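Structural characterization, general
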Amino acid sequence: MEKTITVPTGYVRYLFSQVEKQGYNLEELLAEVGIDPTEIEQRTEFSAVKFGQLYQRIMWTAQDESFGMVSGGRVPNGTFRMMCHAIIHCTTLERAIYRCSAFYEICRGTKVKPYLIRKGRYAKLSFAPVSSVPAEEVREMLEHEAPGVVRTGLSMWHHFISWLIGSRLDLKAAYFTFPRQEDSYHYETLFQSEIKFDQHDNAIVFPARYLDYPIIQNDESLRGFLQTAPYQLIVMVDNDQSLRSQVKAMLGKDFSRELPGAEEVAFKLNMSVSTLRRRLAEENSSYQKIKDDCRKKAAINYMDSPQLSINDVAALMGFDEPSAFFRSFKKWTGMTPGEYRRSETYGEKYSLGIS
């Protein structure tokens, strides 16, 4: 039986306190999403799905997408969606984060933006004032901000950039300016890294190599993400930390370009090629098998889009000659592209609108 994904009820109670602090009717909000208050009182964990639905309803009611997060103001609904559309076609995570920062410079409501520093082997993501706001004002705001707000803000950025690259961003540490909290063990569970309090900045620190990972999401996956947000920003949906998962994330989904070789991937993962091969073998995999699996999945996804001709798919997959794509597709699936589109599998997907 699949385990239900949960969040600590402390997170829920904190959200309740913010709702009541800002003068909204908590009972009405809970009723609108079908949550019985006794569910929170009687448990230590709460459904992450329900928590996401409640958060979504609160944001809509408050007309503030930054509710309960670090912003310094009220951010109009739709801002996050437009920011996602602005970055979804960036080639690397580093470019996406810089574009996020630039986007928040022109937003209404927020006084802060994500701030990235890359230095040597590590990178740091923290909060910085937008150019129109004095740094001292934001520094003072953060000093008086509730720990739960800062924790939520950093956690959501961590989860968001992990979603962008399709692999959990493995943190070295999470820093907080406030003193150690009574529920500090929740911080360790949430960030799965070293947690340091009483620091000079609120930030997450991670290996800089992740900044070179490609953005693997696209317009289609973004639609699904936005429909259920902020669920994916609350919990780490894909928690696969295997080496295979990291290699898949580095390969991305753009197969029209020349894929990196095993040597380049090993270098970015700070290991030798022999170590890469050995560790993948321990996971019953190999670099070539991962490449083939990724290309097969991408080819099928393209083939399931009826608006694309077979020649279009061949070009998107990086084949100069359609005949070479035909041979590869048959090797991957046992069928030629034409046979696949005439098959029952394709017909069922197309009739159901699945792609």
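Just above sits the structure.
Before going into details, it helps to say that this report is about the structure given with it. (Residues numbered from 1 in each chain as written. Predicted model: local features only at pLDDT ≥ 70, side-chain atom pairs only at ≥ 80, totals over all residues. Heavy atoms only, no water.)

1. With respect to the sheet that holds strand β4 (residues 122-129)
The five strands lie next to each other as β3-β4-β7-β5-β6, forming an open sheet whose pairing is mixed. Each of the sheet's edge strands pairs with one partner strand only, and the pair in question is β3 (112-119) and β6 (194-196). Taking the axes of each pair of neighbouring strands and ignoring which way they run, one obtains an average angle of 20° across the sheet. In this sheet, β4 lies alongside β3 in antiparallel orientation, the contact comprising eight bridges. By the bridge assignment, Lys119 is partnered in β4 with Tyr122. Contacting β3 and β4, helix α6 (residues 93-105) runs over the sheet at an angle of about 150° to β3. (Pairing = 2+ DSSP bridges. Helix = DSSP H or I, 4+ residues; strand = E, 2+ residues; numbered from the N terminus. Axes fitted to C-alpha atoms, helices over the stretch in contact; angles between N-to-C directions. Contact = heavy atoms within 4.5 Å.)

2. Some points on the pattern of salt bridges
Summed over all chains, the structure comprises eleven salt bridges. Through salt bridges that share partners, Glu94, Arg118 and Asp212 make up one connected network. (Salt bridge = Lys/Arg side-chain N within 4 Å of Asp/Glu carboxyl O.)

3. Things to note about the layout of surface pockets
Where empty space is left can be seen by rolling a probe of water-molecule size over the atoms. Estimates place the volume of the second largest pocket at around 700 Å³. Contributing to the lining of the second largest pocket are 31 residues, with Met59, Glu65, Ser66, Met69 and Phe80 lying nearest its centre. Counting residues per element, the ones that place at least two in the lining of the second largest pocket are α4 (48-62), α5 (79-87), β3 and α8 (147-165). Here the lining of the second largest pocket takes five residues from α4, the largest share from any one element. Per-class residue counts for the lining of the second largest pocket are 18 nonpolar, nine polar and four charged. (1 Å grid on protein atoms, 1.4 Å probe; cavity = no way out; pocket = protein on both sides within 12 Å on 5 of 7 lines; lining within 4 Å. Points joined across faces, edges and corners; volume = space filled by probe spheres on them. Nonpolar A, V, L, I, M, F, W, Y, C, P; charged D, E, K, R; others polar.)

4. Regarding the packing of α5 against α6
Interaxial distance between α5 and α6 falls to 9 Å at its minimum, and their mutual angle equals 140°. Accordingly, the angle class assigned to the pair α5 and α6 is oblique. Considering the relative orientation of α5 and α6, their crossing is right-handed. For the pair α5 and α6, the contacting residues are Thr79, Met82, Met83, Ala86 and Ile87 in the first and Ala96, Arg99, Cys100, Phe103 and Tyr104 in the second. (Parallel < 35°, antiparallel > 145°, perpendicular 65-115°, else oblique. Left-handed = near helix turned anticlockwise from the far one by under 90°.)

5. Considerations on helix α14 (residues 273-282)
Along α14, the positions that sit buried rather than exposed are Val273, Leu276 and Leu280. What you see down the axis of α14 is that its buried residues fit within an arc of 60°, all on one side. Turned more than 90 degrees from where α14 packs its buried face, Ser274 and Glu282 sit exposed. Residues of α14 that are buried sit in contact with α12 (243-251), α13 (262-268) and α15 (287-303). At the exit of α14 stands Asn284, carrying a positive phi of roughly 60°. (Buried < 20%, exposed > 50% of the residue type's maximum accessible area, 1.4 Å probe, protein only. Arc of directions from axis to C-beta.)

6. Some remarks on empty space enclosed by the protein
If you walk through the whole model with that rule in mind, you get one cavity of 30 Å³ or more. Each pocket or cavity is described by its volume, and for the largest cavity that value is around 180 Å³. The wall of the largest cavity is formed by 13 residues, among which Tyr11, Phe51, Tyr55, Arg151 and Thr152 lie closest to the centre. Elements with a contribution of two residues or more to the lining of the largest cavity: α1 (9-21), α4, α8 and α11 (231-234).

7. Let's talk about the side chain of Glu94
By the secondary structure assignment, Glu94 is in helix α6. For Glu94, the residues in contact, after removing those within four places along its chain, are Leu116, Arg118, Leu211 and Asp212.

8. So, the environment of Ile117
Residue position: Ile117 is located in strand β3. If near-sequence neighbours (up to four positions away) are discounted, Ile117 is found in contact with Tyr122, Ala123 and Lys124.

9. Brief notes about the packing of aromatic side chains
Taken as a whole and assessed by the stated rule, the structure comprises 21 aromatic pairs. Ring centres of Phe329 and Tyr340 lie 5.7 Å apart, and the angle between their planes is 75°; on these two criteria the pair is classed as edge-to-face. Placement of the pair is Phe329 in helix α17 (residues 322-333) and Tyr340 in helix α18 (residues 337-342), with a sequence separation of eleven residues. Members of the aromatic cluster, joined through ring pairs, are Phe80, Phe103, Tyr104, Trp157, Phe160, Trp163 and Phe225. Directly above the ring of Tyr187 sits Arg151, whose terminal nitrogen or CZ lies 5.5 Å from the centroid. Geometry around Tyr210 places Arg209 over its ring, the cationic atom sitting 4.6 Å from the centre. (Phe/Tyr/Trp six-rings, centres within 6.5 Å; stacked < 30°, edge-to-face > 60°. Lys NZ or Arg CZ within 6 Å of the ring centre and 35° of its normal.)

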